[in-house]
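In case you want the letters, here they are:
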Amino acid sequence: MVFFVKFINIHTHTHTNSDENFNILNCYPNSTDFNTPFSIGIHPWFILEEKIEDELIFIKKKLLHKNCYAVGECGLDKLSKINYQLQIAVFKEHIQLSEAFKKPLIIHCVKSFQEIIQIKKELKPSQKWLIHGFHKNNQIALELIKNDCFLSFGKALLYSDKLQKVFENIPIDKIFLETDDAEIDIIEIYQKASSIKNSNIKKIQEKIHQNFNTIFIQ
């Protein structure tokens, strides 16, 4: 099966689909609108220990929905006030769901890249992992790619010289683009990506379509 649209936005909190783009809306267990393509998970900022069991049951139901493309965002965040060991336990629950429902994992990661890589080595998942909103250095990027993670770049790509150099150096077959919660058009990020890669925008679109097909279309 081949999936083709003009612009793929792999992770957004605000945008809806149109004739020009395809967006995966980030949803939480308290979300109510599942009429467009979405992912669903428990963000490490919003873990409530007394609600975890019920929220995971809700997520399992939504993973069967025809519009559900991925598990997440979920992950680890050392700036979150939530107990870190609890974050790890909830993250591993999401990994199990990703494997059981055969859906890729969209990951929120703050100051936890080594932990993410270690867990991946430990559990050896078959589903692909995608680090959303990546804005770290080249060393971290290459280490994640070495461990078979995809990287998604958002608004920071427009203004961060350091991130642009990272983007320039990493293979395009490991890249996605996103708007996250920024009120910008995904086309702006595609334009910047094509400029950094010294490529035309159509080639960037085509490659991201191929990446999408690799991990989302089964």
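Residues numbered from 1 in each chain as written. Predicted model: local features only at pLDDT ≥ 70, side-chain atom pairs only at ≥ 80, totals over all residues. Heavy atoms only, no water.

**Overview of the UniProt feature "binding site: a divalent metal cation 1" (unreviewed entry) in the protein chain**
Piece 1. When the UniProt feature table is mapped to this numbering, "binding site: a divalent metal cation 1" (unreviewed entry) covers Glu73 and Asp180. A compact arrangement is adopted by the annotated residues: their sequence extent is 108 residues, whereas the largest C-alpha distance between any two is 10.7 Å. None of the other annotated residues line the largest pocket; only Glu73 and Asp180 do.
Piece 2. You can see Glu73 is positioned in strand 4 (residues 68-77). (UniProt positions renumbered as here; feature names shortened; annotations may be inferred. 1 Å grid on protein atoms, 1.4 Å probe; cavity = no way out; pocket = protein on both sides within 12 Å on 5 of 7 lines; lining within 4 Å. Helix = DSSP H or I, 4+ residues; strand = E, 2+ residues; numbered from the N terminus.)

**Some words on unusual backbone geometry**
Trans peptide bonds make up the majority, and among non-glycine residues the majority have a negative phi.
Piece 1. For the bond running from Gly72 to Glu73, omega is 10°, close enough to zero to count as cis.
Piece 2. One non-glycine residue with positive phi stands out, namely Lys124, at about 50°.
Piece 3. Among the secondary structure elements, Lys124 is positioned in the loop between helix 3 (113-123) and strand 6 (129-131).
Piece 4. Here Asn198, not a glycine, exhibits a phi torsion of approximately 55°, which is positive.
Piece 5. As for its placement among the helices and strands, Asn198 is situated in the loop between helix 6 (186-196) and helix 7 (201-216).
Piece 6. Overall, Asn198 belongs to the exposed group, its relative accessible area being 73%. (Buried < 20%, exposed > 50% of the residue type's maximum accessible area, 1.4 Å probe, protein only.)

**As for the UniProt feature "binding site: a divalent metal cation 2" (unreviewed entry) in the protein chain**
Piece 1. According to UniProt, the positions carrying the feature "binding site: a divalent metal cation 2" (unreviewed entry) are His108 and His132. Spatially, the listed residues are clustered: although they cover 25 residues, their C-alpha atoms lie within 6.1 Å of one another. Cross-referencing the annotated residues with the lining of the largest pocket gives His108 and His132.
Piece 2. Residue placement: His108 occurs in strand 5 (residues 105-110).
Piece 3. Using a relative accessible area of 9% as the deciding quantity, one classes His108 as buried.

**Some thoughts on the pairing of strand 4**
Piece 1. For strand 4, the buried fraction is high: 10 of the 10 residues fall into the buried class.
Piece 2. Pairing of strand 3 (residues 38-40) with strand 4, which is carried by three bridges, proceeds in the parallel orientation. From the neighbouring strand, Ser39 faces strand 4, where its bridge partner is Ala70.
Piece 3. Bridging between strand 4 and strand 5 involves five bridges; their strand directions are parallel. If you follow Gly75 over to strand 5, its bridge partner there is His108.
Piece 4. Following the chain from strand 4 across helix 2 (residues 84-101) to the adjacent parallel strand 5, one finds a crossover that is right-handed. (Pairing = 2+ DSSP bridges. Right-handed = clockwise from strand over helix to strand, strands pointing away.)

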